[in-house]
Amino acid sequence: MANREDALIVNSLVRQALTSAQEVMGDNGLNAVLHTCGLDRFIGSLPPNNLEPSIQASQYAKLNEAIEQFYGRGGKGMLRRIGKASFQYGVREQSALLGVAGVALKLLPEKQRIKFILNGMADALKKSNPQVNAWVDESGDMLAYIESTCAICHSRQSTEPICHLYVGSITEAVHWATGKEYVVRETHCLAKGDDFCRFEVGEVRA
């Protein structure tokens, strides 16, 4: 999908991704990946926590691809771990942006808790960057998080879904909201030629 608009990713989101990757991979792993994907300027110098433009979506996609290639067969799992750490960072550092500060989720039915946190993720992204188009679909049997501007797979092509970091973030978000491990599966991906990336929240993991 090389003809997609190469949107800009703001500093705060890049900082969140790099901080989470550093937490999971360590300094040496992160620095090696940053060098591989041409983002050397962030080695030892994370971007500030603001909404100024930082990198292009295609560069963010190369970062994800570099992490997956760096770990080989373990790349998917590593990206999911980074995605989980990324959501934890969001709750810790950006709770107001996510809309979770002081929220009594335990008073809501479980499906409403999931819907609440998925909407919170979509709203936070849109507040951070007006170019983002993300929403929650509740028309079917399962709740699904959808984004048609996904930067993880920007300009990449694949025969299968590749937004593993997103799967990790959504899995952790649902776990945070419910206390349960739900199966999250990416059913559509822009890299496959689909119109959007779609992540379905399935059954509780056995």
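In case you missed it, the structure is sitting above this.
Residues numbered from 1 in each chain as written. Predicted model: local features only at pLDDT ≥ 70, side-chain atom pairs only at ≥ 80, totals over all residues. Heavy atoms only, no water.

A few points about the side chain of T187
To keep things clear, this is the line we draw: The way it works is that DSSP assigns letters per residue, a run of H or I at least four long becomes a helix, a run of E at least two long becomes a strand, and they are numbered from the N terminus. Only heavy atoms enter the contact rule, under which two residues are in contact if any of them lie within 4.5 Å.
Considering the arrangement of structural elements, one finds T187 in strand β5 (residues 182-188). Discounting chain neighbours no more than four positions away, the residues touching T187 are R198 and E200.

A short note on the sheet that holds strand β4 (residues 144-147)
This is how it is decided: Two strands pair under a simple rule: DSSP has to find at least two bridges between them. Axis definition: a line fitted to C-alpha atoms, limited for helices to the stretch in contact. Angles are taken between N-to-C directions and run from 0 to 180 degrees.
Ordered in space as β3-β4-β6-β5, the four strands form an open sheet in which the pairing is antiparallel. In this open sheet, the two edge strands, each paired with only one partner strand, are β3 (134-137) and β5. Pairs of neighbouring strands in the sheet enclose a mean axial angle of 25°, with direction left out of account. Alignment of β4 against strand β6 (residues 197-204), held across four bridges, turns out to be antiparallel. Bridge assignment links E147 to a residue of β6, and that residue is C197. Sheet strands in contact with helix α6 (residues 164-178) are β4, β5 and β6, and its direction is about 145° off that of β5.

Examining unusual backbone geometry
Convention followed: Think of it in three bands: residues with accessible area under 20% of the maximum for their type are buried, residues over 50% are exposed, and the middle band is partly exposed, with areas taken using a 1.4 Å probe on protein chains only.
Phi at S155 takes a positive value of approximately 65°, unusual for a residue other than glycine. Along the chain, the position of S155 falls in the loop between β4 and α6. S155 sits in the partly exposed class, given a relative accessible area of 33%.

A look at the nonpolar core
Worth spelling out the cut-off: What makes a nonpolar core is a set of buried Ala, Val, Leu, Ile, Met, Phe, Trp, Tyr and Cys residues whose side-chain atoms join them at distances within 4.5 Å.
Core analysis: the largest hydrophobic core is formed by 62 residues, its most contacted members being L118, Y145, C153, C163, Y166, I170 and F199. The dominant element in this core, judged by the number of residues it contributes, is helix α1 (residues 11-36), at ten residues. With near-sequence residues (within four places) excluded, Y145 lies in contact with L118, M121, A122, L125, A134, W135, Y166, I170, C197, R198 and F199.

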